[in-house]
Amino acid sequence: MACALALALPVGARAQSEPTLASILASRRAARAALHTREPRSTEILGMVSGAALQGIFHSWRAGDNQRYDENTGVRKEATFRLNGREYAVNENGAVRELRGLLLARQRTEDFIESDRFVDQPQYDRFVGEQQLPDGRDVHVIVVTPPQGQSETIYIDRKTAMLDRVAYDDTDGTATEDYYDYKVFAGVLIAQRSVESNGDHAFDLMREITTVFIDRPIPPDTFVLPPAPAIQTAQPVTVPLQMHDAHDYVRVRILGRQYTFLLDSGAQAIVLDAHVAKDLGLTPQGQLEVAGAQRTGGLGVVALDSIEIGTASLPIRMVTVLDLRGVTGAEPIDGILGYPFFAAAEVRIDPDSETLTFAKPGALKPEGTVFDVDSDRELVELQAKVDGADGRFVIDTGNGNELLVYGSFIRAHEGLIQYAGGRFANNMGVGGSVSAVGVMVDQLDLGPFRFFNRYANVMLGTQGAFADRFAAGNIGLGVLRNFILTVDLANAKLYARPAAHFDDGRYRTVRQR
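Since this is a predicted model, take the numbers as computed values, not measurements.

Novice: Please clarify how the packing of aromatic side chains should be interpreted in this entry.
Specialist: Aromatic ring pairs are described here by two measures, namely the spacing of the ring centres and the angle between the planes. Counted according to the given criterion, the structure contains 11 aromatic pairs. An angle of 80° between the planes, with centres 6.0 Å apart, marks the rings of Phe112 and Tyr124 as edge-to-face. Of this pair, Phe112 sits in helix H2 (residues 102–114) while Tyr124 sits in the loop between helix H3 (117–120) and strand S8 (125–132), and the two are 12 residues apart along the sequence. By relative accessible area, Tyr124 is classed as partly exposed at 26%. Centroid distance Phe341 to Phe358: 5.5 Å. Interplanar angle 80°. Geometry classified as edge-to-face. Here Phe341, found in helix H5 (residues 339–344), pairs with Phe358, found in strand S28 (residues 355–359); they are 17 residues apart in sequence, far enough to count as distant.

Here you go:
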């Protein structure tokens, strides 16, 4: 849960010349006790946030087991909640999701660090050594991995024993949050300034506290989740799918004008091509960094109330504006229908009838084998096996290939997939293309369904979505078109029923790649 860090930490703890994990933790524990801090009944913190050419405010509340954090940079508004031990995120379009997977694991570690439980439970710590941060602060480096949590690295100041930095793996790189200017407020020590970065400092996010309230009563309705937006339709709506160039497209209307959008469960946003934004008279705000095929700077975001699909209205707040030329190859597209659509509706993709059916969450009758999915990262992710090895895969209706395999999976299963000497290929996506090697995968297991002789691209990129450190790869339309798929993200489920032309590939003629 992103929030201003409020810690009961001391000043003046002296680093030892030859520190050990035990001595570092003992010094921190002793200095904290010397500060005579206390656990507040409640905290409320307000401040300013800036970055990516946007400025705004943040507001956080904490009382007992409940927390809330709001961030508002004008067109972009996001929030996180903790309610009775359960974690929720509200994205910029108002979509509400409960965290159940990767981000929940990360939150467990952040809580473990923020509460200083790593001091009292050193069995989950590993002392790495000493380091100097780029701003000159000398720190002890400790890797913290609590039960059911994601490993994170903390940097404890050698002079003050304060927490100077937290670092963690995030998609294709390492994200950091640095803390500065600690001050005691009514017995609670709070870092008044923080900087969040993914290494590209042009997109750093800076927060600075302006007001702190300790033990002030917080109205109970502060900790009430907002209603999640849902597709506006009384009955299920069915529209044609335009299937060409190995992709599925849908006709949409925006401000009375018709456009063609890529249906893409592997996209975390609704995206307008730059020419569409210009056509509609929409001026992008801010600057974006997008992890597509490559990391690329986007044009920004624009406010938009809704998109019409068939007879239904999809309520949204904002869309991303990017240059989408070449995203699917030669075919130009006007936009991308990504996560906010799948979050606001129950969606059925039927390759037999070449139709897309959608309704309010829970309105479609389940059909087929059910899979548990993780949508923490605003993607549809599930467990599958490649040649017997387990991995987390993105279900990606916007990818026309059969299978993409990422470098993290290749490194974790050395020798499993032989790709030396394979044919080089370029895989297109937002931001351009990324090099890949074409291979044949003997077997892909998706729940009870087993596919043989799958054409796969081993992704060679070191940045962008195809260099994801958490996902093993990407299952594309070349496999997914074997199913009538129903995506029910409100209940974290995906249903797959074999289509009429289902072919597991066991008898396919294998072509050379």
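Novice: Even after reading the chapter, I still don't get the environment of Gln132, so can you show me in this structure?
Specialist: In this structure, Gln132 sits in strand S8. Gln132 gets classed as exposed once you look at its relative accessible area, which sits at 51%. In sequence terms Gln132 and Tyr155 are 23 residues apart; their C-alpha atoms lie 9.5 Å from each other. Side-chain polar atoms of Gln132 contact the side chain of Asp138, separated by 3.1 Å.

Novice: Sorry, what's going on with the sheet that holds S28 here?
Specialist: For sheets, the rule is that strands pair by backbone hydrogen bonds, running either parallel or antiparallel. As summarised here, the arrangement of the six strands in space is S15-S28-S27-S37-S38-S29, forming an open sheet in which the pairing is antiparallel. Sheet topology places strand S15 (237–240) and strand S29 (369–372) at the edges, where each strand pairs with a single neighbour. Averaged over all pairs of adjacent strands, the angle between their axes in this sheet comes to 20°, without regard to strand direction. Relative to S28, strand S27 (residues 346–350) runs antiparallel, the two sharing five bridges.

Novice: I tried to follow unusual backbone geometry on my own but got confused; where do I start?
Specialist: Glycine aside, the phi torsion of most residues is negative, and most peptide linkages are trans. The phi dihedral of Glu378 falls on the positive side, at around 60°, and the residue is not glycine. Looking at the element boundaries, Glu378 is found in the loop between S29 and strand S30 (381–386). For Glu378, a relative accessible area of 14% gives the class buried. In this structure, Asp387 is a non-glycine residue whose phi angle is positive, near 50°. By the secondary structure assignment, Asp387 is in the loop between S30 and strand S31 (389–395). On the accessibility criterion, Asp387 (24% relative accessible area) is partly exposed.

The rules we used
Residues numbered from 1 in each chain as written. Predicted model: local features only at pLDDT ≥ 70, side-chain atom pairs only at ≥ 80, totals over all residues. Heavy atoms only, no water. Phe/Tyr/Trp six-rings, centres within 6.5 Å; stacked < 30°, edge-to-face > 60°. Helix = DSSP H or I, 4+ residues; strand = E, 2+ residues; numbered from the N terminus. Buried < 20%, exposed > 50% of the residue type's maximum accessible area, 1.4 Å probe, protein only. Polar contact = N/O pair within 3.5 Å; in protein donor to acceptor, adjacent residues only side chain to side chain. Pairing = 2+ DSSP bridges. Axes fitted to C-alpha atoms, helices over the stretch in contact; angles between N-to-C directions.

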